[in-house]
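A structural walkthrough
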Amino acid sequence: MIDVLRAALRLPSAKIAVGILIVIAFLAIFGPLVAPFDPYAQNSKDLLQGPTLEHWLGTDDLGRDVFSRLLAGSTVSVLAAMQSVVVGLVLGALPGLLSVYLGRTFEWITLRIMDSFITLPFLVFAIAMTALLGNGLTQAMVAVGILIAPAFYRVTRAAALTVSHSQYVEAAQLFGATTAWVVRKHVWKKVFPAIAVTTASMTGASLVIVSSLTFLGIGIVPPEPTWGGLLATDLGNLYQRPFGPVVPALVIIGTVWALNALADALKDATTDAGAPPVSKQKRRELQAVPHGA
Amino acid sequence: MSTTASRFAARAVRTAAIITAATLLVSGCAASSGASSGGDDAQPTTLRWAFSLPTSWDPVTSRTGNDINTVSLAYASLTQIDKDGNVLPSLAESWKYSDDGKNVTFTLRPDLVFTDGTPLDAEAVKAFFERGKTQEDSFLKDQLATVDTVSADSDVDVTLHLTGVDYQIPALVAGRTGAISSEKAATDDVAKLSTWPVGAGPFKITEFVPESHATFEKNPDYWDADNIHIDTFELSVAPDPATLVAGIQSGSFDVATLPAAKIDEAKASGLTVTVAPSLAVSDVSINANKAPFDDPKVVEAFRYAFDRQEFVDVITQGQGAPTSQPFPEGNPAYNPEVDELWSYDPDKAKQLLKDAGYGEGDLTIEITAASFSEQGAEIAQSQLAKIGVNSTISLVPPGSSTWQSEVYIAKNPQLAIDGTIGRETPVQNLLAVYGPQGIMNLSGPNASDAFLAALQKVRETPLDDPGYQAALQDAVKAGVEQSPTNYIYSSPWIIASSPKVSELNLLPSQFRWEDVTVTQ
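Residues numbered from 1 in each chain as written. Chains lettered and ligands numbered in written order. Predicted model: local features only at pLDDT ≥ 70, side-chain atom pairs only at ≥ 80, totals over all residues. Heavy atoms only, no water.

Under an unreviewed UniProt entry, chain B has the name ABC transporter substrate-binding protein and belongs to Herbiconiux daphne.

You'll find chain A entered in an unreviewed UniProt entry as ABC transporter permease, with Herbiconiux daphne given as the organism. UniProt annotates chain A under Sequence similarities (unreviewed entry) with the comment "Belongs to the binding-protein-dependent transport system permease family." (UniProt positions renumbered as here; feature names shortened; annotations may be inferred.)

Written out as structure tokens, the structure reads:
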């Protein structure tokens, strides 16, 4: 697995993506601590100000420092996205792996459940869950996690199926290897890269959903700052702060791009396992060379 | 030029002339055949209003004061109020009290009809008031409590026999309480009235999609139809405030209520912005039936907790004014003494809480707010934190009935960010905010005897009596003192309209559309 990561990081886009994600991770952990102002402190004398040396990103409609709220909002936004990915991973990857080994009944039931999850739209299901269970980001993100579980289920099952029918696994079983040993020694090595790629891309997708939900005011309890919530506030005050949505939008876009770029690099590294990774540009150049006599 | 070319050019000119003539003929026919309020040669006019839909189209089951703005599109009331609060004729061309003040007889205009074609006569008015008093789900019972019986004395004379002297009746029936609905429609299917109004107002409904929009056409039988210059009226639920200005610019709607923060944007976009006096006052409603507000010391502490000027500066951007009572300054009911009772004093509030046994951070409450009142809830939360009270905010999602069912009917919240939009009469407003069945009395049915006695005194005082205003202001003070609710600030109407709409007809208590014109 380390080899896959090392191979992925040879790509320049992966290096930039990891750099961005390290910054975002730092903000998610330490953002509220490094914020220059109390992100909840209101100031009615300083409403909807533009950027100044004191307030780098200006102030919102209650006079709160937008930069501090952006930093403080990192924690909630990132953690919520990760929360849904963890739920999806547990509900998807584990049954996906077990569906290969626990017989046809378990396989049939889990496949039908996953098929039914695929038919549900993310936002509508998340809104319905918050209406049913109460307005909270945990409720909404558990709902989203349930809906991304099929992605984990399918990639895990596909990878496990391929390995479980390979000759070396069948040989190991003939020599008396247990299913647990086979999964640990052979299947896991093939399944893990697929899960890593899916985790990266699903985290990006979840972040977009978190931002969409909080933009709509769903899942958050005021005055909790979130990236989507900041975007919504700024869009309501575009006339006074026309630049307002730019920074929150860039942060969301940048993070999602970084996650997708990392997923892309991991996928390339997995696909080209054993061969040195090449950039997309290089690959296109190679494909352009005429082959044959 | 060659012969062929000149022949082609001549043919093109002839063809263009024929097409132009045909177009002019067709458009001329269309203009003259269209029903128009602006004269035979004018295009039919349409006005699109982004506002809200009523909680019910039936005046008897409509629940909030705000509903009068939309219900009055389909219904005419017995009387109407002018900008100064004077009572004017409407469906009733005159009224007269008996010498003892216990009976009031309204004389209707002759030949009035509802939009279903049935006559609006004394019997119809009698049937409406009786329905308001007896229908199980009526929200007019409280307002009609002083009406004992109703008699139809002739086709046009109807008398309200009162339980006692009440000189407020002519003003009371200028709003929903006197918005007469068709007796036939109520008899045929009373439930349908809540979604399909049948009145005798300026417009007749043609389409209603719940939570979306309603469309009306001009009612030619409206008693004041000559002053209605809008042929088609489209009412829709206002979108997110962020899109209001763009919505008017693009022609999606012509008139909308604006948040104060949008005034500059609307003006810069070339829209007309009207800021006019209203009766709207916002409050922090407190429920004395829920702990910790069942302790008078906590209630007293909260009296000093709110910096009203901060609400005015942030939410109304300075357009409103602080007030501690459910009436704005300048209203005859406004009592200057009340605003002197409790000034912002967080230290005193903290001390009172300490006396009640709550130290810093010991008390945690939940603030309930509609989603459009989030800003007010956050300011209240911040100010409560300054007196050592922790709070969480619970937002009630948008929808025409969610706030009503959660707050006005169930009275679930401990503390709610709310407000009154006012009523046609001060007594009606006092009943709504402080009365035993008052929809905005979160502590209902609590209402002190002193307040009810003061209110009765107002009812018994003729409106032109020199002592009327003093009696009214005494009732306001009694109401404020007996209620734990804190009134915070008043705000004006802030309306943006398209330049093609003429000057709006904004009364403090409601929108009217008489004399409003719109060019297409």
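1. Some details on the overall build of chain B
A count of helical and extended segments in chain B gives 15 helices and 21 strands. Taking 24 Å as the expected radius of gyration for a compact globule of 520 residues, we find that chain B reaches 26 Å, a close match to that expectation. With the principal axes as the frame, chain B shows a C-alpha extent of 105 × 60 × 40 Å. Considering only contacts within chain B whose residues lie at least 6 apart along the sequence, 68% involve residues at least 24 apart. Per element, the accessible surface of chain B, about 21100 Å² overall, is 52% carbon and sulfur. (Helix = DSSP H or I, 4+ residues; strand = E, 2+ residues; numbered from the N terminus. Rg over C-alpha atoms; globule rule 2.2 N^0.38 Å. Contact = heavy atoms within 4.5 Å. Areas by Shrake-Rupley, 256 points an atom, 1.4 Å probe, with all protein chains shown as cover.)

2. Quick notes on the pairing of strand β18 (residues 486-490) of chain B
Residue and element names in this part refer to chain B. Of all 5 residues making up β18, 5 are buried, and the element is well covered by its neighbours. Relative to β18, strand β13 (residues 281-286) runs antiparallel, the two sharing 4 bridges. Counterpart to serine 282 in the pairing with β18 is tyrosine 489. As paired strands, strand β14 (residues 321-322) and β18 are joined by 2 bridges and run antiparallel to one another. Bridge pairing in β18 places alanine 321 opposite serine 490. (Buried < 20%, exposed > 50% of the residue type's maximum accessible area, 1.4 Å probe, protein only. Pairing = 2+ DSSP bridges.)

3. Description of the packing of helix α9 (residues 308-315) of chain B against helix α11 (residues 374-385) of chain B
Residue and element names in this part refer to chain B. Orientation of α9 relative to α11, taken along the N-to-C sense of each, is 145 degrees, at an axis distance of 11 Å. Relative to α11, the crossing made by α9 is right-handed. Together, Glu310, Phe311, Val314 and Ile315 of α9 and Gln375, Gly376, Ile379, Ala380 and Gln383 of α11 make up the contact between the two elements. (Axes fitted to C-alpha atoms, helices over the stretch in contact; angles between N-to-C directions. Left-handed = near helix turned anticlockwise from the far one by under 90°.)

4. Focus on the UniProt feature "domain: ABC transmembrane type-1" (unreviewed entry) in chain A
Here, the residues flagged by UniProt with the feature "domain: ABC transmembrane type-1" (unreviewed entry) are residues 74-263 of chain A. Between the end C-alpha atoms of residues 74-263 of chain A the distance is 21 Å, and the span holds 83% helix and 0% strand.

5. So, the UniProt feature "transmembrane region" (unreviewed entry) in chain A
Residues and elements named next belong to chain A. As annotated in UniProt, the feature "transmembrane region" (unreviewed entry) corresponds to residues 16-35, 78-101, 113-133, 139-156, 194-222 and 242-263 in the numbering used here. In residues 113-133, helix accounts for 86% and strand for 0%; the two terminal C-alpha atoms are 21 Å from one another. Annotated as residues 194-222, this span is 76% helix and 0% strand, and its ends, taken at the C-alpha atoms, are 38 Å apart.

6. Let's talk about the pattern of salt bridges
Counted under the stated rule, the structure contains 19 salt bridges over all chains. Across the pair Arg64(A) and Glu378(B) runs a salt bridge whose closest N-O atoms are separated by 2.5 Å. Of this pair, Arg64(A) sits in the loop between α2 (12-34) and α3 (66-101) while Glu378(B) is found in helix α11, placing the two residues in two different chains. In this structure Arg64(A) comes out as buried when scored by relative accessible area, which is 4%. By relative accessible area, Glu378(B) is classed as buried at 5%. For the salt bridge of Glu360(B) with Lys350(B), the shortest nitrogen-to-oxygen distance reads 3.9 Å. Of this pair, Glu360(B) sits in the loop between α10 (346-355) and β15 (363-370) while Lys350(B) sits in helix α10; the two residues are 10 residues apart in sequence, bridging distant segments of the chain. (Salt bridge = Lys/Arg side-chain N within 4 Å of Asp/Glu carboxyl O.)

7. As for the sheet that holds strand β16 (residues 389-396) of chain B
All names here are of chain B. Taken together, the 6 strands give an open sheet; going across it, the order is β14-β18-β13-β17-β15-β16, and neighbouring strands pair in mixed fashion. One side of each edge strand has no neighbouring strand; the edge strands of this open sheet are β14 and β16. Across the face of the sheet, α11 comes into contact with β15, β16 and β17 (415-420) while running at roughly 170 degrees to β16.

8. What to know about the interface of chain A and chain B
Tallying the contact residues gives 14 residues for chain A and 18 residues for chain B. Contact between chain A and chain B buries roughly 1400 Å² in total, counting both sides, with carbon and sulfur atoms accounting for 55%. Counting the contacts that link chain A with chain B gives 5 residue pairs in polar contact (both at pLDDT 80 or more). (Buried area = accessible area lost by both parts, 1.4 Å probe. Polar contact = N/O pair within 3.5 Å; in protein donor to acceptor, adjacent residues only side chain to side chain.)

9. Points about the packing of aromatic side chains
Residues and elements named next belong to chain B. Enumeration according to the criterion identifies 24 aromatic pairs over all chains in this entry. Taking 4.6 Å as the distance between ring centres and 50 degrees as the angle between the ring planes, the aromatic pair formed by tryptophan 49 and phenylalanine 511 counts as tilted. Of the two residues, tryptophan 49 is situated in strand β1 (residues 46-51) and phenylalanine 511 in strand β21 (residues 511-512); the sequence distance between them amounts to 462 residues. Comparing tryptophan 49 with phenylalanine 511 shows no difference in burial state: the two are buried. Consider the rings of phenylalanine 51 and phenylalanine 511, whose centres lie 5.7 Å apart with planes at 65 degrees: the pair is edge-to-face. Taken as a pair, phenylalanine 51 in strand β1 and phenylalanine 511 in strand β21 lie far apart in primary sequence, 460 residues in all. By relative accessible area, which is 1% here, phenylalanine 511 ends up buried. (Phe/Tyr/Trp six-rings, centres within 6.5 Å; stacked < 30°, edge-to-face > 60°.)

10. Some points on the environment of Ala28(A)
All names here are of chain A. Mapped onto the elements of the fold, alanine 28 is located in helix α2. Residue class for alanine 28 comes out buried when judged on its relative accessible area of 11%. Between the alpha carbons of alanine 28 and leucine 102 there is a distance of 39 Å; along the sequence they are 74 residues apart. In contact with alanine 28, not counting residues within four places along its chain, are Ser74, Thr75 and Val78.

11. Quick word on the pairing of strand β4 (residues 92-97) of chain B
Residues and elements named next belong to chain B. Both β4 and strand β5 (residues 103-108) contribute to a ladder of 5 bridges, which runs antiparallel. Within β5, the residue paired with alanine 92 across the bridge is leucine 108. The loop that links β4 with its antiparallel partner β5 comprises 5 residues; one of these, glycine 101, has a positive phi angle of about 75 degrees.

12. As for the confidence of the model for chain B
Residue and element names in this part refer to chain B. Averaged over chain B, the pLDDT score is 91; the fraction of residues at 70 or greater is 91%. For the stretch residues 1-6, pLDDT sits under 50, and the model shows 1 contact to residues farther than four places along the chain or on other chains. Note that residues 15-36 has pLDDT below 50 and, in this model, 12 contacts with residues that lie over four places away or in other chains. On the interface metric, ipTM, the complex scores 0.80, and its pTM is 0.85. (pLDDT = per-residue confidence, 0-100.)

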